[in-house]
Amino acid sequence: VHLVESGGGLVQPGGSLRLSCAASGFTFSSFAMRWYRQAPGKERELVASITSVGGSTNYADSVKGRFTISRDNTKNTVYLQMNSLKPEDTAVYYCKVQRGVGYWGQGTQVTVSS
């Protein structure tokens with residue numbers, strides 16, 4: 001299993017970013033996918049999840065209405081569209097698949113600052 005996140009960077013408050021997580025080594029379309037984040041000095045938290053065929057999504061209260069998780073099973077990729085970003089969204093963002101054990105990507109840094 002291999003997960004590679006990309007799309008992070010520095011953005012001003014109110015800006016947008018789209019994160020991508022490219023997956024390989026398993027049957028992507030058969031598994032739910034999740035995005036987590038970890039800010040400095042804080043626990044890693046679940047941000048959003050999506051079912052295997054994308055029919056159902058869930059979000060942390062802190063990002064509802066601002067973030068959208070989606071997936072393209074033809075590209076083995078899950079996305080996180082982040083709008084109206086706030087400084088408190090600053091964190092390393094990880095994607096995860098639970099396939100027996102949990103597999104994580106290496107993370108991508110998102111920094112929201114003016």
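Peer 1: Please give an account of the state of the cysteines that cites residues and values.
Peer 2: Cysteine pairs can be covalently joined through their sulfur atoms, and such a bond is termed a disulfide. Here the structure, examined in full by the defined rule, presents 1 disulfide. Here Cys-21 pairs with Cys-95 through a disulfide, and the sulfurs are 1.9 Å apart. Measuring the twist about the S-S bond at about 55°, one finds the Cys-21-Cys-95 disulfide to be right-handed. In this pair, Cys-21 is assigned in strand E3 (residues 17–24) and Cys-95 in strand E9 (residues 91–99), connecting sequence segments 74 residues apart. For Cys-21, a relative accessible area of 0% gives the class buried. Residue classification places Cys-95 among the buried residues on the basis of a relative accessible area of 0%.

Peer 1: Let's hear about the nonpolar core: which residues, and what values?
Peer 2: The nonpolar side chains of soluble globular proteins are, as a tendency, buried together. Counting residues in hydrophobic clusters, the biggest one holds 28 residues, and the most contacted among them are Met-33, Trp-35, Leu-80, Met-82 and Tyr-93. Of all the secondary structure elements, the ones that give two or more residues to this core are E3, strand E4 (33–38), strand E5 (45–50), strand E7 (67–72), strand E8 (77–82), E9 and strand E11 (108–112). Look past the residues within four positions of Tyr-93 in its chain and what remains in contact with it is Glu-5, Leu-19, Trp-35, Tyr-36, Arg-37, Val-47, Phe-67, Leu-80, Met-82, Gly-107, Thr-108 and Val-110.

Peer 1: Let's hear about the side chain of Arg-71: which residues, and what values?
Peer 2: Checked against the element boundaries, Arg-71 lands in strand E7. Buried charge without a salt bridge: Arg-71, with Asp-72 as the nearest opposite-charge side chain at an N-O distance of 8.3 Å. Among the polar contacts made by the side chain of Arg-71, one reaches the main-chain carbonyl oxygen of Thr-51 at a distance of 2.8 Å. At a separation of 3.2 Å, a polar atom in the side chain of Arg-71 contacts the main-chain carbonyl oxygen of Ser-52. Not counting residues within four places of it along the chain, the set of residues in contact with Arg-71 comprises Phe-28, Ser-29, Phe-31, Ala-32, Met-33, Ile-50, Thr-51, Ser-52, Gly-54, Thr-77, Val-78 and Tyr-79.

Peer 1: Any details on the sheet that holds E7? Residues and values, ideally.
Peer 2: Strand order in the open sheet made by the 4 strands is E1-E3-E8-E7, with antiparallel pairing throughout. At either margin of the open sheet sits one strand with a lone partner, and together these are strand E1 (2–6) and E7. Neighbour-to-neighbour, the strand axes of the sheet open up by a mean angle of 15°, direction not taken into account. Two elements, E7 and E8, share 6 bridges in a ladder whose sense is antiparallel. From the neighbouring strand, Ser-70 faces E8, where its bridge partner is Tyr-79.

Each value, and the rule that gives it
- Residues numbered from 1 in each chain as written.
- Predicted model: local features only at pLDDT ≥ 70, side-chain atom pairs only at ≥ 80, totals over all residues.
- Heavy atoms only, no water.
- Disulfide = S-S within 2.5 Å.
- Helix = DSSP H or I, 4+ residues; strand = E, 2+ residues; numbered from the N terminus.
- Buried < 20%, exposed > 50% of the residue type's maximum accessible area, 1.4 Å probe, protein only.
- Core = buried A, V, L, I, M, F, W, Y, C linked by side-chain atoms within 4.5 Å.
- Contact = heavy atoms within 4.5 Å.
- Lys, Arg positive; Asp, Glu negative; His and termini not counted.
- Salt bridge = Lys/Arg side-chain N within 4 Å of Asp/Glu carboxyl O.
- Polar contact = N/O pair within 3.5 Å; in protein donor to acceptor, adjacent residues only side chain to side chain.
- Pairing = 2+ DSSP bridges.
- Axes fitted to C-alpha atoms, helices over the stretch in contact; angles between N-to-C directions.

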